[in-house]
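# Close look at the chain arrangement
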Amino acid sequence: MMMRDREYPKTHDWGRTVVVWSGGADSTCLLNHYAGVSSEDWPIVALSVVAYPHISRPLLQKQAEVQKRYLEWAKRRGYHIKHHTMRVTGSFGYGREGNAPQPSLWLAALSQILDERDRVMMGYIRTDDVWHCMSEFRDVFDAFCKLKEFKHAKLEFPFEWEHKVDILRRLKKGKVPDRCWFSCDHTKDGKPCGQCSKCDELAAARALLKKQDVARKVIMLDDKPKKKRKR
Ligand SMILES: [Zn+2]
């Protein structure tokens, strides 16, 4: 494995919030959540990984495209984000039977920028595979912190109990345009393939969101006070 370190900001007195950002719905939603409280003195650090050939070229291109769009949009809203990209090459295996290679990519990237008081946020939701190897993931993170003598660095998963529909609702509430994120594992041309598990999950969540919004409107209409009939 080879990794090129990029310049990253110095630790702030009270630490940084580092959001691990792939450009997908979940991590963009998480980044947007914290970017809302960012300031010039306290920017949110977004960490991305360009892992080739682990991630296909069309997907990497699409990720870069939506990340650029999101950053431009966020800047117009007055958010302060410092984006850092790590380039990683090589093969990865992680967890039982090497079924969750993504966390090892993030750990490799994090090891390059992690600082004493960093609060690392990851946007995994309850249906993600990562929970099957979470104890190993935390063990590696803790071992790394111990090695560096970091006593205060933290790893957090704020969306641990969220479903995809909750993420879509948050994105909608935050007015994040759909063109600012992309979730599909097998795109060949920068468009959703419509066949992978991410596309399936997204389609189901979109349908559910629509249904819930309709139900909410009906409830709101029911709540309106009824006009008194004229006698
Ligand atoms: Zn897909």
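Each value, and the rule that gives it
- Residues numbered from 1 in each chain as written.
- Predicted model: local features only at pLDDT ≥ 70, side-chain atom pairs only at ≥ 80, totals over all residues.
- Helix = DSSP H or I, 4+ residues; strand = E, 2+ residues; numbered from the N terminus.
- Buried ≥ 20, exposed ≤ 12 C-beta atoms within 10 Å, placed from the backbone.
- Contact = placed C-beta atoms within 7 Å.
- Pairing = 2+ DSSP bridges.
- Right-handed = clockwise from strand over helix to strand, strands pointing away.
- Expected span 1.5 Å × (residues − 1).
- pLDDT = per-residue confidence, 0-100.
- Axes fitted to C-alpha atoms, helices over the stretch in contact; angles between N-to-C directions.
- Parallel < 35°, antiparallel > 145°, perpendicular 65-115°, else oblique.
- Left-handed = near helix turned anticlockwise from the far one by under 90°.
- Nonpolar A, V, L, I, M, F, W, Y, C, P; charged D, E, K, R; others polar.

Let's shift gears to the overall build of the protein chain. Helix and strand counts for the protein chain come out as 6 helices and 6 strands. Listed by position from the N terminus, the elements making up the protein chain come as β-β-α-β-α-β-α-β-α-β-α-α. Classification of the 231 residues of the protein chain by burial places 29% in the buried group. Nonlocal contacts in the protein chain, meaning residues at least 24 apart in sequence, comprise 79% of its contacts between residues at least 6 apart.

Examined bridge by bridge, strand β3 (residues 44–51) and strand β4 (residues 81–89) share 8 bridges and lie parallel to one another. The partner of Val45 across the bridge, within β4, is Lys82. Of the crossover connections in this fold, the one passing from β3 over helix α2 (residues 57–76) to the parallel β4 is right-handed.

It helps to recall that an α-helix has 3.6 residues per turn; residues three or four apart then point in one direction. For helix α6 (residues 197–223), spanning 27 residues, the distance from its first C-alpha to its last is 38 Å, which sits close to the expected 39 Å at 1.5 Å a residue. Of all 27 residues that make up α6, 2 are buried, and the element is exposed over most of its length.

For the rest of this paragraph, the subject is unusual backbone geometry. Of note, the phi angle at Glu149 is positive, near 60°, even though the residue is not glycine. Residue position: Glu149 is located in the loop between α4 (134–148) and β6 (154–156).

This prediction gives the protein chain a mean pLDDT of 86; 86% of its residues lie at or above 70. Between residues 1–12, whose pLDDT stays under 50, and residues either more than four places distant or in other chains, the model counts 25 contacts.

A separate point is the packing of helix α5 (residues 164–173) against α6. Their axes nearest at 8 Å, the elements α5 and α6 cross at an angle of 65°. In terms of their interaxial angle, α5 and α6 are classed as roughly perpendicular. For the crossing formed where α5 meets α6, the hand is right-handed. Contact residues: α5 offers Lys164, Val165, Leu168 and Arg169, while α6 offers Glu201, Leu202, Ala205, Arg206, Leu208 and Leu209. Within the contact of α5 with α6, the residues separate by chemical class into 6 nonpolar, no polar and 4 charged.

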